[in-house]
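Architecture and fold: a report
Here are the chains, one letter per residue:
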Amino acid sequence: MVGWDRIRPSRPTRLGRGSDSNPRHERIPSSRTVRLGRVQPQAPGHRTIYCNDRDANLPVRFKGNSISTTKYNFFTFLPKGLFEQFRRVANLYFLTISILSTTPISPVSPITNVLPLSLVLLVSLIKEAFEDWKRFQNDMAINNNPVEVLQDQRWESIPWKKLQVGDIVRIKQDGFFPADLLFLASTNPDGVCYIETANLDGETNLKIRKASEKTWDYLTPEKASEFKGEVQCEQPNNSLYTFTGNLIIQKQTVPLTPNQILLRGCSLRNTEYVVGAVIFTGQETKVMMNTMNVPSKRSTLERKLDKLILTLFATLFAMCLIGAIGSGVFIDRKYYYLGLQEDVENQFDPNKPFVVTILTMFTLITLYSTIIPISLYVSIEMIKFIQCAQFINKDLHMYHIETNTPALARTSNLNEELGQVEYIFSDKTGTLTRNLMEFFKCSIGGEVYGTGVTEIERGIAERDGIKLMESKKSANTVQERGFNFDDARLMRGAWRNEPNSDICKEFFRCLAICHTVLPEGVESPEKITYQAASPDEAALVTAAKNFGFFFYRRTPTMIFVRESHVDKMGKIEDVSYEILNVLEFNSTRKRQSVVCRYPDGRLVLYCKGADTVIYERLAVGNDDIKKVSREHLEQFGASGLRTLCLAYRDLSPDIYESWNEKFIQAKSSLRDREKKLDEVAELIEQDLILIGCTAIEDKLQEGVPTCIETLARAGIKIWVLTGDKMETAINIAYACNLINNEMKQFIISSETDAIREVESRGDQVEIARFIKEEVKKELKRCLEEAQTYLHTVSGPKLALVIDGKCLMYALDPSLRVMLLNLSLNCCSVVCCRVSPLQKAQVTSLVKKGARKITLSIGDGANDVSMIQAAHVGIGISGQEGMQAVMASDFAIAQFRFLTDLLLVHGRWSYLRLCKVITYFFYKNLTFTLTQFWFTFQTGFSGQRFYDDWFQSLYNVIFTALPVIMVGLFDKDVSASLSKKYPEIYREGIRNVFFKWRVVAVWAFFSVYQSLIFYYFVTTSSSGAHNSSGKVFGLWDVSTMAFTCVVVTVNLRLLLMCNSITRWHYISVGGSILAWFCFIFLYSGIMTTYDRQENVYFVIYVLMSTFYFYVTIILVPVVALLCDFIYQGVQRWFFPYDYQIVQEIHRHEPEGRTRTELLEIGNELTPHEARSYAIAQLPRELSKHTGFAFDSPGYESFFASQLGVYAPQKAWDVARRASMKSRPKIGQKK
């Protein structure tokens, strides 16, 4: 900081030189000093900004205000885009193969490998370009927004992107701040403005900002042009709620706090205009530094897919090695007819068997390259994207009408991960509960007030078999949002008659004064609205209003309260309290304090906060009230209420003045300001007198208990991680069916007599050692007990409850394994009093330690780390802003929507993608193996069996579309049955559809079918001949074999489907038709440059023979017979869970109907009802085929069964007789 001391004295000289009568006298030393100061490197961790002086800021080269959120630019798109694509092993492999295919050793034309690779890369790059173009357009729109900047004593409009650090700008009402600004002046009195931070954190409540008194006058352009200040502040960082800096103006240092900073992205409200100086621009603004990409997550299925690809590489290598060794052995001059005598190329030189082996190896690698499915990745991406955009985002079952919020998939990488989740980590407030706080009960001076019964209390009573009497509401009950309190003893001034009326007065004043709430609207109790940082704050101020202490106006230094019944009943007076200091709430302090001065000069500190921190700071004495209030706190906690303690302290002017000096000093500090402010706050927040405590109810969200019960039946274990007290957390867990009386509960708490006794001594080292020992002892005891229960046949389910202090020690590396083992044996785990970091640590513990698939769900900024730590992060778009949503992978409006997201969409996605991957594996292996068997009959020479174009288009045209249809539309059971039988979700947790056993079965059928294709066709064709009497040649046989392959693999896809839609028929029929159209054209054309002139007219020759038609029918039937038998045996004797559900409901119509989706009920005209009934009849749209080809349903038969008239179709007659034996479903009388 020595450099700073040298610079400071010189600045006022420079600032003042414009008005100096003799500038030359000062100029030389001044400019020299300043120049030295400017070219020096910035002090570590700080920057200096000269306001309203672009030239002075020029040497530092601050970043411009233009922002870019694109991944690419014009020059980097191709290299960077290709680099991204070739990071995938399969694409890199095909690039190598394409390069190899251009060499003389390649048996195939380069087009064979280059074409599919080019198509895949083209599709991927077009997708990347489209997404980036959208980002670029959005950036351009933002960068070209106009803003008024001070130039030559007038406001000039320039685009945001031309703004520079140090510029003076004017922002009008409802305008957005273009950069991070230092707030200088406002049209509002006292230099105040109101801002909305919705773009930053989603909170719509207004925040108050106050300019420093030294800059209030710089409002007009003439006055603002005189402003020459130097800002010394922190370097750009991503902390939205902190700022440390000083403004040096007119030889005075003014401390700057977050209160004087207007962040980019926020908007101005209720203020005509403000003037500010630009501090951080563009990518260095706090909002841009917070737009970090969500951690890149890859699904477990995708990682297993990599292993499958590696297995295919190994298979490819083995096949090539066999062929290469065979080639080295086979090459011999005795085969004189091969012409291997003299001047033969190296690949076929009998004198160099080793060279032959090596070269043949490379030849076969290019020949068998189709074993790796090149279009697999792009197909999966396409399927996942459509699943998100069309199915998840548009599901009306996950649409919340009240808030008009649909589900939102923010990434398409993790769809199938939703079908394999085993552990859910949930926040409590706003996630399980509504985060709509209502003042419900309170304790004042040791007396409980409030007669209501909470949902939790009803649940406890129901559990214990007690019937609760509904309490009658008194005549004076007030019903208002945030206030659900009923007790005549406190309402309408009745508190004056209470024995503790003075304490009641302090209680109400504390509620009305100790807060950061902003009133809005007309200053009357009925019409005013409160803008609060949290729903709790608003509820407490609303309570004060209803008790007769109406807070109606605030300025930066004053709070105005309309007090009723204070001196005598019915008397109303307006009282103004001067706010001297606000000691703000943060997660470390867990309390908030206000120092205020009464009109009569009385100085009071009001404090509210968590019971643990308030009790530590109470004055000695009043033990009775402390004890009774603690009992009341526990009672409120047991009822599931959120509690806060209220306390106050009278201050003498001397004590306050000496403390205030330290406070101002700490506030002006550039280093560790937050820490110093906390330390200074500790000095005055002591010797407090307890007033009482508040109890606020946060009701459970609709459908939470049912959702948790359903998820538990699906085999999912739910952990609740909350900052609430243990009693509250346990009772919420009871209320939402997470814990019940049948469970054995293990409770590990730091609130024990032994721990309290050690803590009272104050030795931090001893406290840490003792708690760690206690936690170790408890973990060991609980683990031993848990293992004894697990070894019994009918042992109870287990639940673990642990608090944050114990968890801190349990997460120590020496105890972590013990905690994990105990937790994994429990069905439910509740962690209370935990910090955001601990939430993330617990999630990582299970994710990495147990290697289970985890999901985190939360709604607030304190849940972000937990959401990002889990495999899948879900954000609830609720009351606490959008930070959780912005960090999440999926966003939903209510916890209960998890049922649909996991059990329906997650399970379907997992099932579909497993089928897509295994089918790709099967079809490519089958195709490549036919070429492999041919190698044995060609002396391992690397002669190709198929034409180059056949090989190129096999993956990208002839078999591409049907598998995408399976990935989009296959459905084993309906959505309603998925939720009715949540147990079928367990198959995803066990990953039964993508085990090596499943892959081995598919591999077996690939080998079997490839043998059928090759040997059946080659053997049968040896005796066949065309119409001119010639025997079939190589290209006739290979075209016949390829036709059989295309037909069979497409029909095999229908065999594996659980439901068949018209899209399946169109895609399968279209793929087979595409092959015939292609071969008709391809074999009908011959050019002079055509390398494959032998294919000319092949298909026409083949189709003129009877042999072609017999083979095209017989080969697919024989090839698929084995699959057919296997599926039948598997379904009958070893069925999957979903197949059992299919059999139970095989005669029932589809579960999720259009009526359910649109909730239109039965409000239909008779004509509409008839049309609708016909539309709902069973048909080709979706039916469960099981293992065989089921016949399509026909309208008129089912119509008669359901009592709906539908015209008869000619083809129905043949079907009618066979259908009569079926049970009639839903027949109308």
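Residues numbered from 1 in each chain as written. Predicted model: local features only at pLDDT ≥ 70, side-chain atom pairs only at ≥ 80, totals over all residues. Heavy atoms only, no water.

**Quick word on the overall build of the chain**
- What the chain contains, in helices and strands, is 44 helices and 33 strands.
- Buried positions account for 53% of the 1229 residues belonging to the chain.
- Contacts spanning at least 24 positions in sequence make up 73% of the contacts within the chain whose residues lie at least 6 apart.
- Carbon and sulfur atoms provide 57% of the accessible area of the chain, an area that totals close to 55,200 Å². (Helix = DSSP H or I, 4+ residues; strand = E, 2+ residues; numbered from the N terminus. Buried < 20%, exposed > 50% of the residue type's maximum accessible area, 1.4 Å probe, protein only. Contact = heavy atoms within 4.5 Å. Areas by Shrake-Rupley, 256 points an atom, 1.4 Å probe, with all protein chains shown as cover.)

**What to know about the sheet that holds strand S1 (residues 46-50)**
- The strand order across the open sheet built from 4 strands is S1-S8-S9-S10, with neighbouring strands paired in antiparallel fashion. Each edge of the open sheet carries a strand with a single partner, namely S1 and strand S10 (252-256). Ignoring strand direction, the axes of neighbouring strands in this sheet form an average angle of 20 degrees. (Pairing = 2+ DSSP bridges. Axes fitted to C-alpha atoms, helices over the stretch in contact; angles between N-to-C directions.)

**Overview of the packing of helix H11 (residues 300-330) against helix H12 (residues 353-367)**
- Closest axis-to-axis distance for the H11/H12 pair is 8 Å, and the angle between their directions is 145 degrees. Read as a crossing pair, H11 and H12 show a hand that is right-handed. Where H11 approaches H12, its residues Phe317, Cys320, Leu321, Gly323, Ala324, Ile325, Ser327 and Gly328 are matched on the opposing element by Pro353, Val356, Thr357, Thr360, Met361, Leu364 and Ile365. (Left-handed = near helix turned anticlockwise from the far one by under 90°.)

**Thoughts on the nonpolar core**
- One finds Phe950, Phe1042 and Trp1075 to be the most contacted residues of the largest nonpolar core, which totals 106 residues.
- Of the residues forming this core, the biggest block, 16 residues, is contributed by helix H30 (residues 898-935).
- Listed in part, the 52 residues of the second largest apolar core include Ile853, Ile892, Leu901 and Tyr985. (Core = buried A, V, L, I, M, F, W, Y, C linked by side-chain atoms within 4.5 Å.)

**Comments concerning a nonpolar patch on the surface**
- Taken together, the side chains of Leu1121, Phe1124, Ile1125, Val1129, Trp1132, Phe1133 and Phe1134 make up a nonpolar region of the molecular surface, amounting to roughly 810 Å² of accessible area.
- A residue is classified by how much of its surface remains accessible, and Trp1132, at 67% relative accessible area, is exposed. (Patch = residues over 30% accessible without salt bridge, like charges linked within 9 Å, V, L, I, M, F, W, Y side chains within 5 Å. Salt bridge = Lys/Arg side-chain N within 4 Å of Asp/Glu carboxyl O.)

**Describing the side chain of Ser186**
- Tracing the backbone through its elements, the reader meets Ser186 in strand S5 (residues 180-186).
- Engagement of the side chain of Ser186 in a polar contact is seen with the backbone nitrogen of Asn188, the distance being 3.0 Å.
- For Ser186, the side chain forms a polar contact with the main-chain oxygen of Val192, separated by 2.7 Å. (Polar contact = N/O pair within 3.5 Å; in protein donor to acceptor, adjacent residues only side chain to side chain.)

**So, the packing of H11 against helix H13 (residues 376-392)**
- For the pair H11 and H13, the least separation of the axes is 13 Å and the interaxial angle reads 160 degrees. As summarised for this structure, H11 and H13 are arranged roughly antiparallel, according to the angle between their axes. Between H11 and H13 lies a crossing whose hand is right-handed. Mapping the contact onto sequence places Glu302, Leu305, Asp306 and Ile309 in H11 and Leu376, Tyr377, Ile380 and Lys384 in H13.
- In terms of residue class, the contact of H11 with H13 is made up of 5 nonpolar, no polar and 3 charged. (Parallel < 35°, antiparallel > 145°, perpendicular 65-115°, else oblique. Nonpolar A, V, L, I, M, F, W, Y, C, P; charged D, E, K, R; others polar.)

**Considering the state of the cysteines**
- For the coordinates displayed, the defined rule picks out 0 disulfides.
- Here Cys266 is not cross-linked by a disulfide; its sulfur's nearest cysteine counterpart is in Cys193, at 10.0 Å.
- No disulfide involves Cys827; its sulfur sits 7.6 Å from that of Cys826, the nearest cysteine. (Disulfide = S-S within 2.5 Å.)

**With respect to the pairing of S5**
- Of all the 7 residues making up S5, 7 are buried; the element is thus mostly covered by neighbouring parts of the structure.
- With 2 bridges connecting them, S5 and strand S11 (residues 261-262) associate as antiparallel partners. Bridged to Leu181 within S11 is Leu262.

**A few points about the confidence of the model for the chain**
- Summing up the model confidence of the chain, the mean pLDDT is 81 and the portion of residues at 70 or higher is 83%.
- Confidence drops under a pLDDT of 50 for residues 1-44, and excluding neighbours within four residues, the segment shows 37 contacts in the predicted structure.
- Contacts for the low-pLDDT stretch residues 1151-1163, under 50 throughout, to residues beyond four places or in other chains number 25 contacts. (pLDDT = per-residue confidence, 0-100.)

**Focus on the sheet that holds strand S30 (residues 828-832)**
- What the 9 strands build is an open sheet, ordered S14-S33-S32-S31-S15-S27-S30-S29-S28; its pairing is mixed. Edge positions in the open sheet fall to strand S14 (408-409) and strand S28 (744-748), since each of these has one partner strand only.
- Bridge analysis of S28 against strand S29 (residues 798-803) gives 5 bridges, and the strand direction is parallel. Bridging from a neighbouring strand, Gln745 pairs with Ala799 of S29.
- Lying over the sheet, helix H24 (residues 764-791) contacts S28 and S29, oriented at roughly 170 degrees with respect to S28.
- Where helix H27 (residues 836-849) meets the sheet, it contacts strand S15 (423-426), strand S27 (717-721) and strand S31 (854-858), and its direction lies at approximately 160 degrees from that of S27.

**A word on empty space enclosed by the protein**
- A full pass over the atoms with the stated rule returns 4 cavities of 30 Å³ or more.
- Quantified by volume, the largest cavity comes out at close to 450 Å³.
- Along the walls of the largest cavity sit 24 residues, with Lys915, Trp1002, Gln1127, Tyr1136 and Tyr1138 positioned nearest its centre.
- Those elements that provide at least two residues to the lining of the largest cavity are H30, helix H35 (996-1021), helix H36 (1034-1056), helix H39 (1106-1133) and helix H40 (1137-1144).
- Of all the elements, H35 adds the most residues to the lining of the largest cavity, at 5 residues.
- Residues belonging to the lining of the largest cavity are distributed by class as follows: 14 nonpolar, 6 polar and 4 charged.
- If you add up the space inside the second largest cavity, you get close to 60 Å³.
- What lines the second largest cavity is Phe94, Thr112, Asn113, Pro116, Ser369, Thr370, Ile372, Ile374, Gln951 and Asn955.
- Of all elements in the fold, only helix H7 (111-143) and helix H31 (948-958) reach the threshold of two or more residues within the lining of the second largest cavity.
- Split into classes, the residues belonging to the lining of the second largest cavity amount to 4 nonpolar, 6 polar and no charged. (1 Å grid on protein atoms, 1.4 Å probe; cavity = no way out; pocket = protein on both sides within 12 Å on 5 of 7 lines; lining within 4 Å. Points joined across faces, edges and corners; volume = space filled by probe spheres on them.)

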